[in-house]
Amino acid sequence: MQPDSRIQMIPLSRKRAHSDAGDQPGPSGRPFDSPLEGRGHNIYVSNIAGTVLRSQLTGRSRVDRRQAESLLLGRYCGTLRPQLINAPNNPYDKIFACAWLDHERVIFGTKCNRMLVHNLRTLHQQEVAPPELPPCAHATQHPPLMNPYGACGIHSIRVSPSGALFTSGGADVNQLAVMDAADCAPRKLFVRHQDWVFQTAWVSDHQLLSGGRDGKVVLWSVDLASPGLTGGTAPVKVKEPCKGSKVRDLAHDIASGLTVSLDPGDMGTPALHCFRVAPTTRTLRKLPLRHAEDMYSIALGEGARVCAVGSASDVVLLDPRARPASSEVGRHRHCDAEGLRSLSINGHVVAAGGSCATLSFLDLRAGRWVESASGKGPATLR
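Being a predicted model, the structure only gives us computed values, none of them experimental.

Engineer: Quick question: what am I supposed to make of the overall build of the protein chain here?
Structural biologist: Regarding its fold elements, the protein chain presents four helices and 24 strands. Each of the 382 residues in the protein chain was classed as buried or not, and the buried ones make up 53%. For the protein chain, the proportion of contacts with a sequence separation of at least 24, taken over those separated by at least 6, is 45%. For the protein chain, the computed accessible surface area is about 18,000 Å², with 49% contributed by carbon and sulfur atoms.

Encoded structure:
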């Protein structure tokens, strides 16, 4: 079965398309020649599918539309051709985090505590050094954390709602940096955690959350008007939802104001902690995660109506608004042999990145993995 012709006309290579169609706006207002629209594969897939469906499936029943949309997603996945991005002489360790700075530039954070910006149009690469505290700050209120393992890596890169700023790790393992998305210059450097910073989440353009291996979630105010890297960087609130354990991942939904943190269960049963950062940081509920192991990632859907948790064998779907006994709404076994490391949700599509360099898509409406165009198993990118 051949992919839909209207999808094939969309350039998917890393090179700019030299055609009249390449200059026309895509579903979100960007040109179709953007190889991966928005901030990930799943956003591009969902937007393209929705656009084609509106012109192709008018008048069909809801069931027919969902079946056709699931098939269309599978066809589109079959047209994607992942390409390897090589760094000069490959001096980098594993990539721990990445984010879209705009529709041309992607930034990567590595295990060796380095950052690299790759331009998909020009193929130009720029290394960005994590910011360091000034010596006077080290000598007074921010002594460096002695880490026997050396650099812990850049575990989180998150872009602010406006796209003007992004978060990353600092030169030391317990530091959180806010950088300018335009030129990657450091704007602020926050220090409060007693151990590695694992994840960050923007509450607004002026507030952000961080979660670390010390079990704490810290709310920060991003005051760019204060002078210096550390000016105006005192924490607003500090919460410890995972006492004795660690905050392995963190997600915040701006529309509902709900924050979810992942406790991997080092001191007991793994759980999700649901709370709000305003007006208080009181925990609303704790959702236990049974029959799951090696959990590293979570993702919140729009309005916090669904939360996806990646484990060694499954993607577990929960309703963070429900009571613990009835919170689990689905469980889907994935195909990656070594577990999932990254999740994101756009609309009704969950993108799941695995340890074995796989990328699969879960259709929440159909309740199953998006199948390949041949119908022989999930459409998995490798």
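Engineer: I keep staring at the sheet that holds strand β9 (residues 197–204) and nothing clicks. Help me out?
Structural biologist: Across a sheet, paired strands are connected by hydrogen bonds in the backbone, their directions being either parallel or antiparallel. In spatial order, the strands read β9-β10-β11-β12; together these four strands make up an open sheet with antiparallel pairing. At either end of the open sheet lies a strand with only one pairing partner, and these are β9 and β12 (237–239). Each strand of the sheet is rotated relative to its neighbour by a mean of 20 degrees, with strand direction disregarded. Here strand β10 (residues 207–212) runs beside strand β11 (residues 217–221); their pairing, made up of five bridges, is antiparallel. Of the residues in β11, the one forming a bridge with glycine 211 is valine 217.

Engineer: Would you mind going over the pattern of salt bridges with me for this structure?
Structural biologist: Pairs can form between side chains of opposite charge once their charged atoms are near each other. Taken as a whole and assessed by the stated rule, the structure comprises eight salt bridges. Arginine 114 is the partner of glutamate 127 in a salt bridge, and the nearest nitrogen-oxygen pair spans 2.8 Å. Residue glutamate 127 is located in strand β4 (residues 125–128), and its partner arginine 114 is located in the loop between β2 (105–110) and β3 (115–119); the two are separated by 13 residues in the primary sequence. Residue classification places glutamate 127 among the partly exposed positions, given a relative accessible area of 40%. Between arginine 331 and aspartate 314 there is a salt bridge, with the nearest N and O atoms lying 3.8 Å from each other. With a gap of 17 residues between them, arginine 331 in strand β20 (residues 328–333) and aspartate 314 in strand β19 (residues 314–318) connect regions that are remote in the sequence. Salt bridges linked by common partners bring Asp314, Glu328 and Arg331 together as one network.

Engineer: What am I meant to see in the nonpolar core here?
Structural biologist: One broad rule of soluble globular proteins: the nonpolar side chains tend to lie buried together. The biggest cluster of nonpolar side chains holds 18 residues, and the ones touching the most others in it are Leu101, Ile107, Met115, Ile157 and Phe166. Counting residues per element, the ones that place at least two in this core are β1 (95–100), β3, β7 (175–180) and β8 (186–191). For isoleucine 107, the residues in contact, after removing those within four places along its chain, are Ala97, Cys98, Ala99, Leu101, Met115, Leu116, Val117, Ile157 and Phe166. Leu258, Leu287, Leu300 and Ala304 belong to the second-largest nonpolar core, a separate cluster that totals 17 residues.

Engineer: Before we go on, may I ask you to explain the packing of aromatic side chains in this structure?
Structural biologist: The description of an aromatic ring pair uses the distance of the two centres, along with the angle that the planes make with each other. One pass over the structure, following the stated rule, counts two aromatic pairs. On the basis of an interplanar angle of 85 degrees and a centroid distance of 6.2 Å, the ring pair of tryptophan 196 and phenylalanine 198 is categorised as edge-to-face. When its relative accessible area of 15% is taken as the criterion, tryptophan 196 is described as buried. For phenylalanine 198, a relative accessible area of 6% translates into the label buried. When the ring centre of phenylalanine 275 is taken as origin, the NZ or CZ atom of lysine 239, which lies over that ring, is 5.3 Å away. If you follow arginine 248 out to its NZ or CZ, it ends over the ring of phenylalanine 198, 4.3 Å from the centre.

Engineer: I'm lost on the side chain of threonine 233 in this one. Help?
Structural biologist: In this structure, threonine 233 sits in the loop between β11 and β12. Take threonine 233: its relative accessible area is 7%, and that puts it in the buried class. Of the polar contacts made by the side chain of threonine 233, one reaches the backbone oxygen of threonine 230; its length is 2.7 Å. With residues near it in sequence (within four places) discarded, threonine 233 still touches Lys188, Leu189, Phe190 and Trp220.

Here is what the cut-offs are and how they apply
Residues numbered from 1 in each chain as written. Predicted model: local features only at pLDDT ≥ 70, side-chain atom pairs only at ≥ 80, totals over all residues. Heavy atoms only, no water. Helix = DSSP H or I, 4+ residues; strand = E, 2+ residues; numbered from the N terminus. Buried < 20%, exposed > 50% of the residue type's maximum accessible area, 1.4 Å probe, protein only. Contact = heavy atoms within 4.5 Å. Areas by Shrake-Rupley, 256 points an atom, 1.4 Å probe, with all protein chains shown as cover. Pairing = 2+ DSSP bridges. Axes fitted to C-alpha atoms, helices over the stretch in contact; angles between N-to-C directions. Salt bridge = Lys/Arg side-chain N within 4 Å of Asp/Glu carboxyl O. Core = buried A, V, L, I, M, F, W, Y, C linked by side-chain atoms within 4.5 Å. Phe/Tyr/Trp six-rings, centres within 6.5 Å; stacked < 30°, edge-to-face > 60°. Lys NZ or Arg CZ within 6 Å of the ring centre and 35° of its normal. Polar contact = N/O pair within 3.5 Å; in protein donor to acceptor, adjacent residues only side chain to side chain.

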